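Structural features, examined
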Amino acid sequence: MSKRLSEEEYQKTFSGKFRRWLSGEKDPFLGEVEMRRQEVRRESEAEERQREQDEKLLKERVYDLEHNFEVRTFQKVYRVFSVLFCIFLVVLLLVAVSDLPHFGHAENPVNNEVAERYIEKGLQETGAVNIVTGMILDYRAFDTLGESHVLFIATCTVLILLRRDRKKGGDTGEAEKEDVSDRLYEPKNDVILQTVAKILVPPVFLFGIYIILAGHLGPGGGFSGGAVIGAGLILYLNAFGFARTEKFFTARTYRRMSFGALACYSLAKSYSFYTGANGIESVIPLGTPGAILSSGLILLLNICVGVVVAGTMYTFYVMFRKGDY
Amino acid sequence: MDFVQNFPFISIILTLFSGPLCSVLNGKQARRVNTAVIVADGILSFLVLGYVTAAGQPFVYRMGHFSAPWGNEIRVGILEAFMAGFFCVIMLLCMLGGIREREVQIEEGKQNLYYVMVNLLLCSLLALIYTNDLFTAYVFVEINTISACGLIMIRQTGRTFEAATRYMIMSLLGSGLLLLGICYLYAVTGHLLMSNIREQVRVISATGQYHISLMVALGLMSVGLAIKSALYPFHAWLPDAYGYSTLSSSAILSSLVSKGYIFLLIKIFYRVIGFDVVWESKVVNVLFVFGIAGMIMGSLSAMKESNLRRMIAYSSVAQIGYIYMGLGLATEAGSVASIYHVLSHAATKSLLFVAASGLADASGGSDRFRDITGAGLRNKLAGIAFMAGSLSMVGMPMFSGFISKLFFAQAAVGHAHKMFPTFIALAISTILNAVYFMKTVIRIYTPMQKKEGVEGEAETGRAEGRSIPIWEQPVKSAALICFIVLNLMLGLNSDPLIRLIQSGIEMFD
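Everything quoted here is computed from the prediction, not taken from an experiment.

Before going further, it helps to spend a moment on unusual backbone geometry. With the exception of glycine, the majority of residues adopt a negative phi angle, and the majority of peptide bonds are in the trans configuration. Residues and elements named next belong to chain B. In this structure, Ala230 is a non-glycine residue whose phi angle is positive, near 60°. Structurally, the position occupied by Ala230 is in the loop between helix H9 (211-228) and helix H10 (238-244). With relative accessibility at 0%, the residue Ala230 sits in the buried group. One non-glycine residue with positive phi stands out, namely Lys282, at about 70°. Locating Lys282 in the fold gives a position in the loop between helix H12 (275-281) and helix H13 (283-304). Given the relative accessible area of 52%, Lys282 is considered exposed.

Here is the structure:
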């Protein structure tokens, strides 16, 4: 109780609310947060009967297990054979591993002129302080070019599998139903999540951008930084819902973004492959090692890879949750 | 350095670039881009072939500013350039043959994604052919696997989803084994570049050090690639994948995807491990046995099928068996015959798939055997094309199938242990091929009998047939004619081809 404020005004202040919560009069989340338990899916009796009947039909008619000699023999042979085969494989691989050179030994075949040059001349030749980045984005950039397209094509395959065309659905009833079923799993307007996201998302983005930009200076790079940014996007989506994210990120954005990034990567690397193979001096300076703007194309390539990875992560999540954005 | 030497690199980058490009275009534009890219790649590859043939020696192209064991490089010989050009031709014809099916069977909004898959698939095939680095090969094997999955399931039915799942599981198993093999090889040689591994393997096999690891690596890589190219006991994914996906997909999968892996295996045998080591290792004997089993079991399964496309798919199992049998002979003649059969099967199998779809068009879209009765009379060109393909598969002179069987038999002559098994398997397999292909040819040229019944009573469950003139689908007809001509060319001009393959194999060293 306050002496200066009236009863009504006191209720609105923080200490008033706190006091009411303490005494159990008011739950601050009641009415604010959508709290609904996920419905447990129960089979109705008819469905259960139908399923049992289907299984029985499958066993008797389709496979005819009692009279199907092939299936029965296969099942028996399979059990024995799979165990034997696994044992054989385990033994084989163990024998092979024990035959391999001892790990970390200086005389091993892997410690040859290739690794030596990467370590001794990596900084000088690529300008990247982080020699792993120098290796994957400069010495062996062709492999990484392929690898970033692996991510892209994996997303395309998921799009083929899970994306639903809005035009094809037609009626709006479908969309509403989808919205309801989406809310079953992910409640909307969760105050706790939104508050945490407000605090957490900007640092997550900043950290991701830092990892990408500093990929040639320390541990990090496009793949890891992109994954962090993708996680930030997913957190933002969970807190604020599709209506907010679709303002700046849709399937169209993703396609253009990844096309831009991959095209940029391909063109930049084509230039360096072409000049390298034809013995033309590249005009791109390596800069001073340690500075942000150094190590030639590596920074640009890291950004491209980061963009692709972030978009891929986010698209995977959205496709599996809703199938459309 | 001559400017032509840039062409392999340009063709790889061009396809790689056009993949993401297609994702921002609409279906029609993407199709044009795709066609243009395939044509351009084909032209570039044949120019490279001309250059390499004139130069008489392979060349190495450095990808970047750092030379071989540190950076990436690609290596181009006669066989590589020819394979690249040939794959582009087949790819183009497959894509042309299936235009209408794609428009009907693929959702409007996803058409462009199909071309993304095809472009990246072509890119990965080119990279697999040209690469001189095992790890680059693995990266592009990944792209190849995922895009093939996408090609199967883009026609969205329950069957294709199941097929794609099976394909993915088996194919990833294969990739995993391949990667494991590469890891073992790297641990004992310390290199990923093919030429350097070869040198190290020579040293290792001379001293006898790390023998077990080397053999295990060879075994893992062979088995991995055998699974991915559907060698007999690992073929369970194949019939559904080829039988139910959209036409261009099944044609491309059967004629190109599996062949890309086989070519990689041949390169591993010759350029990475060295054929003498492979020959001593007895791994080839395992491939030989499975190849022979595949030749017979695949044909037996094909005989039991009641669906035309699934029958053709099972026949692929038998033909892959032929290729592995040739490799298993472990002689140069055997390898030459195998590579020739790769070409011959690629040309014939895609022809059969396109022709089968033409026959199905004339039978109300159904490819069950009872519906296609008389389809060769209703769609004349498809009938002729199917007959040509069947004759080639059975091994009639003038067609490519005959030449490859002849070379397999010649390669086996005088082989100490493998001569008689090869002859017997060839004979049995030829008879089985003749049984199921000629059965089909006779069926499509048997006029459908009109059932005597009450007027107006519909025949239940039988699809309605209609006759299709050649000009109704001009593009598909053109593709079919090109396929037939290609088959005849392969069959009639086998001598220069064989010389080309031989000099290509010599260039591997």
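From this point, the discussion proceeds with the structure in view.
What follows is about the packing of H9(B) against helix H11 (residues 247-273) of chain B. Axis angle and axis distance: for two packed helices, these are the angle between their axes and the distance between the axes, and together they describe the pair. Residues and elements named next belong to chain B. Here H9 crosses H11 at 165°, and the two axes come no closer than 9 Å. What the angle tells us is that H9 and H11 run roughly antiparallel. As H9 packs across H11, the resulting crossing turns out to be left-handed. From H9, Leu218, Met221, Ser222, Leu225 and Lys228 reach across to H11, where they touch Tyr261, Leu264, Leu265, Ile268, Phe269 and Ile273. Here the contact of H9 with H11 is built from residues that sort into nine nonpolar, one polar and one charged.

An ideal rise of 1.5 Å per residue puts 28 Å on 20 residues; helix H3 (residues 78-97) of chain B measures up with 29 Å between its terminal C-alpha atoms. For H3(B), the buried fraction is high: 17 of the 20 residues fall into the buried class.

A separate point is the interface of chain A and chain B. Where interface size is given, it is often the accessible area lost as the parts come together that is meant. Each partner contributes to the interface: chain A provides 55 residues, whereas chain B provides 59 residues. Summed over both sides, the interface between chain A and chain B buries roughly 5,300 Å², with carbon and sulfur atoms accounting for 69% of that surface. It is Phe142(A), Ile153(A) and Ile160(A) that lose the most area in chain A upon contact with chain B, and together they represent 14% of the buried surface on that side. Put simply, Asp133(B) and Arg140(A) hold a salt bridge, and the shortest N to O gap is 2.9 Å. Counting every contact that joins chain A to chain B gives 19 residue pairs in polar contact (both at pLDDT 80 or more). The set of elements that each furnish at least two residues to the side of chain A that touches chain B consists of helix H4 (69-99), helix H5 (113-126), helix H6 (131-139), helix H7 (141-162) and helix H12 (251-278) of chain A. Looking at which element gives the most residues to the side of chain A that touches chain B, the answer is H7(A), with 16 residues.

The rules behind each value
- Residues numbered from 1 in each chain as written.
- Chains lettered and ligands numbered in written order.
- Predicted model: local features only at pLDDT ≥ 70, side-chain atom pairs only at ≥ 80, totals over all residues.
- Heavy atoms only, no water.
- Helix = DSSP H or I, 4+ residues; strand = E, 2+ residues; numbered from the N terminus.
- Buried < 20%, exposed > 50% of the residue type's maximum accessible area, 1.4 Å probe, protein only.
- Axes fitted to C-alpha atoms, helices over the stretch in contact; angles between N-to-C directions.
- Parallel < 35°, antiparallel > 145°, perpendicular 65-115°, else oblique.
- Left-handed = near helix turned anticlockwise from the far one by under 90°.
- Contact = heavy atoms within 4.5 Å.
- Nonpolar A, V, L, I, M, F, W, Y, C, P; charged D, E, K, R; others polar.
- Expected span 1.5 Å × (residues − 1).
- Buried area = accessible area lost by both parts, 1.4 Å probe.
- Salt bridge = Lys/Arg side-chain N within 4 Å of Asp/Glu carboxyl O.
- Polar contact = N/O pair within 3.5 Å; in protein donor to acceptor, adjacent residues only side chain to side chain.

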